[in-house]
Each structure stands twice: as structure tokens, then as C-alpha cells.
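Survey of secondary and tertiary structure
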Amino acid sequence: MTTTATRPAPAAAATVAIGSTGTERRAWVRPLLAVIALLAMYGALSLLDDPRGTLGTDTGGKLATVRAMDDRGALDPDIGYWAEDRDPRGTLHPLWYTRHLGDRWVNVTTLPMPYAAVPLYHLGGERAVVLLPMLGALLAALAARAIARRVSGERAGWPAFWAIGLATPVLVYALDFWEHAIGLAAMLWALLLVLDVVDGRGGVRAAAGAGALIGFAATMRTEALVYGAIAVIVAGAILWRQRAPWRSVVSRAAAAGAAFL
């Protein structure tokens, strides 16, 4: 007795393919709409702020640095000092935290964000540069969603997204020219990669990626190194208890090496 394998009819196969494509498209619709909605909320709230005011003196110095770079058309963070000949130490410099370094007067501690803000400032001034922290806040909310789904299941994702995006200091970070939101986003995505390593979903590449994100976050906020070190140490201890000492050592070495590159 012979049996003949049955093949799905072409029409049925096409229906399955079309249905799969439709499902994949719908899977992207909700995240995209959520991102657009949250960004629109940030934009609307930012219009209530006075662009001439900031939440802290360091923010004002960053904006002054961006403006000086835009005026000169060069990525030189020197903000100058009109009374340098009478006050060489800068004791009375009008911008707090300004330091006299060589022949320059510098107010910023890190440069990636001011450099990225120069073209935005050239296009739209102080209001345009706030797009950078807004994007950082969006990435932080998306990372929180991914972590919540990993830890507590699919249904926990969107509550975490909206809670982090609108009900935490991330909302404040999104509305001022701070590095906080971008640094936090990098740390949260690094934490997700650390979870991948612990769960066995990721290996050395995931560990190195986590380390690179921790290093990048440290260029925004130096305390990120502390949080990153704790995450890596705890992950290594968990792997050791899982009787995976080799993975523990290699993962920690990859993360540390990538963080300090």
C-alpha cells in the first residue's frame, strides 16, 4: 500500500502567506502609534516651557556651548569670557561651572550631546535641541517595555511603557536639554542584554553589547558605570551559580572590555 503526501493547495498557501504578512504588519502598528503618541505628548508639553529658562545651571551652560559652536561654525566648546583680562580665574564668569582650560573657557563635561545638538540648534534653536532628550526618553520607555515583557509577560509591556514615559522623572528629563534620558535609555537596553546573557539567549556578543552601552551611558552620566558594574557582577554571580563558570568569566570580561573601549 502506498501513500501520497498531500500538499496544500496554492490558494491555501497564498492565504497563509498573506495572513502571516498581515499579522507582521499589525505587530508594528501599535508600537509605532505608541511612539508617535508619546513623542507628540512630549512636544506639546515642551511648548509650555520658556526656551530661555532651564531646570538647572548646567543645562544653561550646555545651551550656551551649543550656541557658541553654531555661531563659530566649529565644534569648539569654548564659550569665551569678555572679562578674562580682569578675572583670569573666572571667579565672576556669568555661567556657573565654567572652567578655564588652557586658552578655552569650557562649561560642559561631555561632548556627544552638544555635538549632536548643533545641527538641530541651527535649524530650530533651543526648542529643536530638546528633540534629543525626547528621543532618549522614548528609547527608555521602549526598553522598559521590553524588560517588563521579559520578566512579567506580554501584558506587562505597555503599562511599563506608559508608566516610565509619563509617570516618572523621565518625563522631566525629556523636556530639558539634559543627558539623563539618553543615559538612562542606554542603561536600560544594556540591562536587557544582560538578561539575555543570564537567560542563555545571548552570549559574548550580548555581553559586549551591554558593556558598550554602559560605556556610552557613562559619557552621558558617569554614575552609569556604578549601575553597570553592579548589573554585570550580579549577572556573573548568577551564571556561576548556574554552574557556568566559563560563561561567567568570559561574559564579564567582554562587558568590561567593551565598556572601556
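I will try to describe carefully the structure that is included in this document. (Residues numbered from 1 in each chain as written. Predicted model: local features only at pLDDT ≥ 70, side-chain atom pairs only at ≥ 80, totals over all residues. Heavy atoms only, no water.)

Attention shifts here to the packing of helix H7 (residues 180–199) against helix H9 (residues 224–241). Where H7 meets H9, the axes come as close as 10 Å, and the angle between the chain directions of the two elements is 10 degrees. The angle between H7 and H9 places the two elements in the roughly parallel class. Every residue of H9 that contacts H7 at Met 187, Val 194, Val 197 and Val 198 is listed here: Ala 224, Tyr 227, Gly 228, Ala 231, Ala 235, Ile 238 and Leu 239. A breakdown of the residues in the contact of H7 with H9 according to their chemical character gives ten nonpolar, one polar and no charged. (Axes fitted to C-alpha atoms, helices over the stretch in contact; angles between N-to-C directions. Helix = DSSP H or I, 4+ residues; strand = E, 2+ residues; numbered from the N terminus. Parallel < 35°, antiparallel > 145°, perpendicular 65-115°, else oblique. Contact = heavy atoms within 4.5 Å. Nonpolar A, V, L, I, M, F, W, Y, C, P; charged D, E, K, R; others polar.)

With that settled, consider the environment of His 100. Residue placement: His 100 occurs in strand S1 (residues 99–101). Placed 20 residues apart in sequence, His 100 and Leu 120 show a C-alpha to C-alpha distance of 27 Å. Of note is the side chain of His 100, whose polar atom sits 3.2 Å from the backbone oxygen of Gly 102. (Polar contact = N/O pair within 3.5 Å; in protein donor to acceptor, adjacent residues only side chain to side chain.)

Before going further, it helps to examine H9. The end-to-end C-alpha separation of H9 is 26 Å, in line with the 26 Å expected for 18 residues at 1.5 Å each. Within the sequence span of H9, burial applies to Ala 224, Gly 228, Ala 231, Val 232, Ala 235, Gly 236 and Leu 239. The buried residues of H9 all sit within an arc of 130 degrees when viewed along its axis, so they share a single face. For H9, the exposed residues set more than 90 degrees away from the buried face come down to Val 226, Tyr 227, Ile 233 and Arg 241. The elements touched by buried residues of H9 are H7, helix H8 (204–220) and helix H10 (245–259). Once H9 ends, the next one or two residues include Arg 243, with phi positive near 60 degrees. (Expected span 1.5 Å × (residues − 1). Buried < 20%, exposed > 50% of the residue type's maximum accessible area, 1.4 Å probe, protein only. Arc of directions from axis to C-beta.)

So, about the packing of aromatic side chains. Taken as a whole and judged by the stated rule, the model has six aromatic pairs. A ring pair is formed by Phe 161 and Trp 162, whose centres lie 4.9 Å apart and whose planes are at 85 degrees; its orientation type is edge-to-face. Through a chain of ring-to-ring contacts, three or more aromatic side chains come together here, namely Tyr 81, Trp 82 and Trp 105. Sitting above the plane of the Trp 158 ring, Arg 145 keeps its charged end 4.1 Å from the centroid. (Phe/Tyr/Trp six-rings, centres within 6.5 Å; stacked < 30°, edge-to-face > 60°. Lys NZ or Arg CZ within 6 Å of the ring centre and 35° of its normal.)

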